[in-house]
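Here is how the chains run, residue by residue.
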Amino acid sequence: MSAKINIRHMEGVTVLEVSGRIVLGDGGVTSRDSVQDALKTGTRKLVVDMGGVNYMDSAGLGELTNAYTSAKARGCDVKLARLTRRLDDLMQITKLATIFDIYPDEMEAVASFSNYQPAVR
Amino acid sequence: MDVMVLKYSDENGQQTIALDRETTSIGRSPDQHIVLHDRGVSRCHAMILREGSVYSVVDQQSTHGTFLNGARIERAVLKPGDLLQLGSLNAPGLHFQANSVSTSGAHSSVSTLLSSLSELRRPVGPRRPAHELEQLNWLLRAARQLNQGGAIDDIVLGLLHLTLELTGLERGLVFLQKDGQMRLARGLSADGTSVDEDSTISRRAMSNAIQSGSQFSVSDTQKDGMALDWPSVMDKGIRSIYCIPLRKPASAKEPGQLLGLLYLDSQIGVGTLTEVDHRLLEAIATEAAALVDHALLADEELKARQAREELIVAADIHRGLMSIALPQLPYAEIHARTIPCFAIGGDFYDAVALDDCLCVAIADVSGKGVSAAIVAATLQGIIHSQFLARQSLPEIAALLNHFLCTRKVGKYATTVLLKLFPNGRLEYINCGHVQPLVISGTEVRSLEESNLIVGLIPTAKYASSGYTLCPGERILLPTDGLTEAEDRDGRVFGESGLIACVPHRTVDEVLEDVLRFSAPSPAQDDCTLLEVKYG
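Residues numbered from 1 in each chain as written. Chains lettered and ligands numbered in written order. Predicted model: local features only at pLDDT ≥ 70, side-chain atom pairs only at ≥ 80, totals over all residues.

**Describing the overall build of chain A**
From N to C terminus, chain A includes four helices and five strands. For chain A, the residues scored as buried account for 40% of the 121 residues in total. Partitioning the intrachain contacts of chain A with sequence separation of at least 6 by distance along the chain shows that 69% fall at a separation of at least 24. (Helix = DSSP H or I, 4+ residues; strand = E, 2+ residues; numbered from the N terminus. Buried ≥ 20, exposed ≤ 12 C-beta atoms within 10 Å, placed from the backbone. Contact = placed C-beta atoms within 7 Å.)

In structure tokens, the structure reads:
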């Protein structure tokens, strides 16, 4: 199974909900395209919810980072949310955790953008 | 003796693979002779062995099994007409049969056309058509050329000769479909001289013929109202245009794909050719398409074989680059081993002895196979020369990062670079790589300081760290192929597994432990382990 991406909008923030496997050749390309599509809509606030990603290989990590840096270059702020344990370990080992803004859950990631407070605490 | 073939269809259409080797491997991995992408096919799934004229299929301990005529087998002798399926009974079939790329395909062309000819009387026209014997000669010649892996140009030229003689028309051109466009392959006039495409060739007649979907189309430009608008054609006084689309024979799985088009024209009117001649043209169109299709297949097979041979040469060179004579110093002993998961891979190591220290590198380029190997060889060269130039470790890391970021190859790498001095002082820099382990007796420690991986973030900064080794201590540098190795239940070997197994064990023994853990499946990623023993 390759990656699936669901796009939602919440309080001016675009949320990409990624699930499945991000690997070379299928999911990686999809996630890059989705980020590019989201950027074309002019969004400045992007949350990538990784909670459903059960596997990511090295090429997938490269895609994710490229998507992240190209978004940053266009003035779009990107936050990652809900990394699985394995992905979080990978981010720590590769020190990419120092580059990405990582949040334990999606609401916190969305809230971090502004004064927006979730209705239910 | 006939060479048998395997026929199957994949996303690129009908494939015919000659089983002319002693062993032909089939699997999902790109280094297999026959690469299948279907789900359920293992990386090295099955092997076809040829001993004289006896062929057998042997399952390579595939995960989902090999099926012969519907029954799961480990090993079986193959008979013509047998059906092989890999991974499941719903998988596409591989048909084991006599070689029809060359021999039987051409034979069927000969027999079909001859039977058509025998039914038909000769076409009438101002030019006397060729004698049947000449046509037979031509077809036999074409069949021989196909058997020799004859070039597509020969088939095209033969087709033009035959059709011009059969129809008595003045000019013929064969177009072949390439990159979605009809390109002229060869043009010939009835007197045997070459002709080029010119303004009097009607592209409109061609596209009409292709769109009509029929086997051929004949335009009489003086009767056809539409053709009156084709000034180039009318000016030249061309009265008849014959367009015969060359379509790949349709199969149950796919419609007849357009391969090319035979275009014939003449100043002679259509009326001089009868219904009988049309049936002859129809037969030629079908047979010529089959010949062109076979020739294209043979051409592709040749190109694929050349590509495979190139790859073998590349793999040899790569192995040469990677086989480093490790320096041995009075204060340091180095051992290393790498097991690529394909023929070549993205893991590498290097070691350089300078007069005041030992420099060691291990790296893992993202991805696998050839693309990773090319980048690995380049990075190895950079690191080696920078070590020799006594460059500092952070500067080497920054240089690698800059190189990969600016070259836009879409690759990045994790690496550990270190320098060990005779007094045991260790300087290291870890760029997103698996943590190095220091082994002292039964105690294992990780060197935890790390930096960003190289090749992803152009602005990344790098800093090295220090450690001091005591005599007898070892430093172990693995790649993630070891820590990420999975057993059959999907559990990973992990850093904890590695830490538990390394005390008192050699590089080879540790790698064997990892392979045993992930058995029976072979390594999913390149596995490399390097050890430096101090003192």
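The rest of the description comes next.
**Quick look at the overall build of chain B**
Within chain B one finds eleven helices and 26 strands. Scored against the burial criterion, the 535 residues of chain B give a buried share of 38%. Intrachain contacts of chain B at a sequence separation of at least 6 include 62% that bridge at least 24 residues.

**Concerning the nonpolar core**
All names here are of chain B. Membership of the largest hydrophobic core comes to 94 residues, with the highest contact counts inside it found for Ala397, Ala413 and Leu417. Residues in contact with Leu417, not counting those within four places in the same chain, are Ala361, Leu393, Ile396, Ala397, Tyr428 and Ile429. In terms of nonpolar packing, the next biggest core, distinct from the first, is built from 33 residues, Leu164, Leu246, Tyr263 and Ala289 among them. (Core = buried A, V, L, I, M, F, W, Y, C linked by C-beta atoms within 7 Å.)

**What about the sheet that holds strand E9 (residues 75–77) of chain B?**
All names here are of chain B. Read from one edge of the open sheet, five strands run E4-E3-E5-E6-E9, paired in mixed fashion. Among the strands making up the open sheet, the edge pair consists of strand E4 (34–35) and E9. Relative to E4, strand E3 (residues 23–27) runs parallel, the two sharing two bridges. If you follow Ile26 over to E4, its bridge partner there is Ile34. (Pairing = 2+ DSSP bridges.)

**Quick look at the pairing of strand E1 (residues 4–10) of chain A**
All names here are of chain A. Taken together, the seven bridges between E1 and strand E2 (residues 13–22) define a ladder with antiparallel strand orientation. In the sheet register, Ile5 faces E2, and the bridge partner there is Val18. Joining the antiparallel neighbours E1 and E2 is a turn of two residues, in which Glu11 adopts a positive phi near 50 degrees.

**Some thoughts on the confidence of the model for chain B**
All names here are of chain B. Residues with a pLDDT of 70 or more make up 80% of chain B, whose mean pLDDT is 81. The low-confidence segment residues 100–111, where pLDDT is below 50, has 26 contacts with residues more than four positions distant or belonging to other chains. Segment residues 114–131: pLDDT under 50, and 34 contacts once partners within four positions in sequence are set aside and those in other chains are kept. With a pTM of 0.59, the predicted complex shows an ipTM of 0.73. (pLDDT = per-residue confidence, 0-100.)

**Focus: unusual backbone geometry**
All names here are of chain B. Look at Gln61: it is not a glycine, yet its phi comes out positive at around 50 degrees. Judged by the 15 C-beta atoms lying within 10 Å of it, Gln61 falls in the partly exposed class. Even without being glycine, His504 reaches a positive phi, approximately 60 degrees. Looking at where His504 falls in the secondary structure, it is placed in the loop between helix H10 (494–501) and helix H11 (507–518). For His504, a count of 9 C-beta atoms within 10 Å puts it in the exposed group.

**A look at the packing of helix H7 (residues 369–388) of chain B against helix H8 (residues 393–407) of chain B**
For any two helices packed against each other, one specifies the crossing angle of their axes together with the interaxial distance. Residues and elements named next belong to chain B. Where H7 meets H8, the closest approach of the two axes is 11 Å, and the angle between their N-to-C directions is 150 degrees. If you check the angle between H7 and H8, you find them roughly antiparallel. Relative to H8, the crossing made by H7 is right-handed. Contacts from Leu379, Ile382, Ile383 and Gln386 of H7 reach H8 at Ile396, Leu399, Leu400 and Phe403. Partitioning the contact of H7 with H8 into residue classes produces seven nonpolar, one polar and no charged. (Axes fitted to C-alpha atoms, helices over the stretch in contact; angles between N-to-C directions. Parallel < 35°, antiparallel > 145°, perpendicular 65-115°, else oblique. Left-handed = near helix turned anticlockwise from the far one by under 90°. Nonpolar A, V, L, I, M, F, W, Y, C, P; charged D, E, K, R; others polar.)

**Digging into the pairing of strand E21 (residues 425–431) of chain B**
Residue and element names in this part refer to chain B. Of all the seven residues making up E21, five are buried; the element is thus mostly covered by neighbouring parts of the structure. Direction of pairing for strand E20 (residues 413–420) relative to E21: antiparallel, over a ladder of six bridges. Looking at the pairing, Thr415 lines up with Cys431 of E21. Remark: four residues form the turn of the hairpin made by E20 and E21, two consecutive strands paired antiparallel; Gly424 in that turn has positive phi of roughly 95 degrees.

**Observations concerning the sheet that holds strand E8 (residues 71–73) of chain B**
All names here are of chain B. The strand order across the open sheet built from six strands is E2-E1-E11-E10-E7-E8, with neighbouring strands paired in antiparallel fashion. Looking at the sheet topology across the chains shown, the edges are occupied by strand E2 (13–18) and E8. Averaged over all neighbouring strand pairs, the angle between strand axes comes to 30 degrees, with direction disregarded. Where strand E1 (residues 4–10) lies against E2, six bridges are found, and the strand directions are antiparallel. Paired with Asp10 across the strands is Gly13, a residue of E2.

**Thoughts on H7 of chain B**
All names here are of chain B. With 20 residues, H7 should reach 28 Å at 1.5 Å per residue; the first-to-last C-alpha distance of 28 Å fits that figure. If you check which residues of H7 are buried, you get Ala372, Ala373, Val375, Ala376, Leu379, Ile383, Gln386 and Phe387. Viewed along the axis of H7, the buried residues span an arc of 165 degrees, placing them on a single side of the element. Residues Gly381, Ser385 and Leu388 are exposed on H7 and point more than 90 degrees away from its buried face. Once H7 ends, the next one or two residues include Arg390, with phi positive near 60 degrees. (Expected span 1.5 Å × (residues − 1). Arc of directions from axis to C-beta.)

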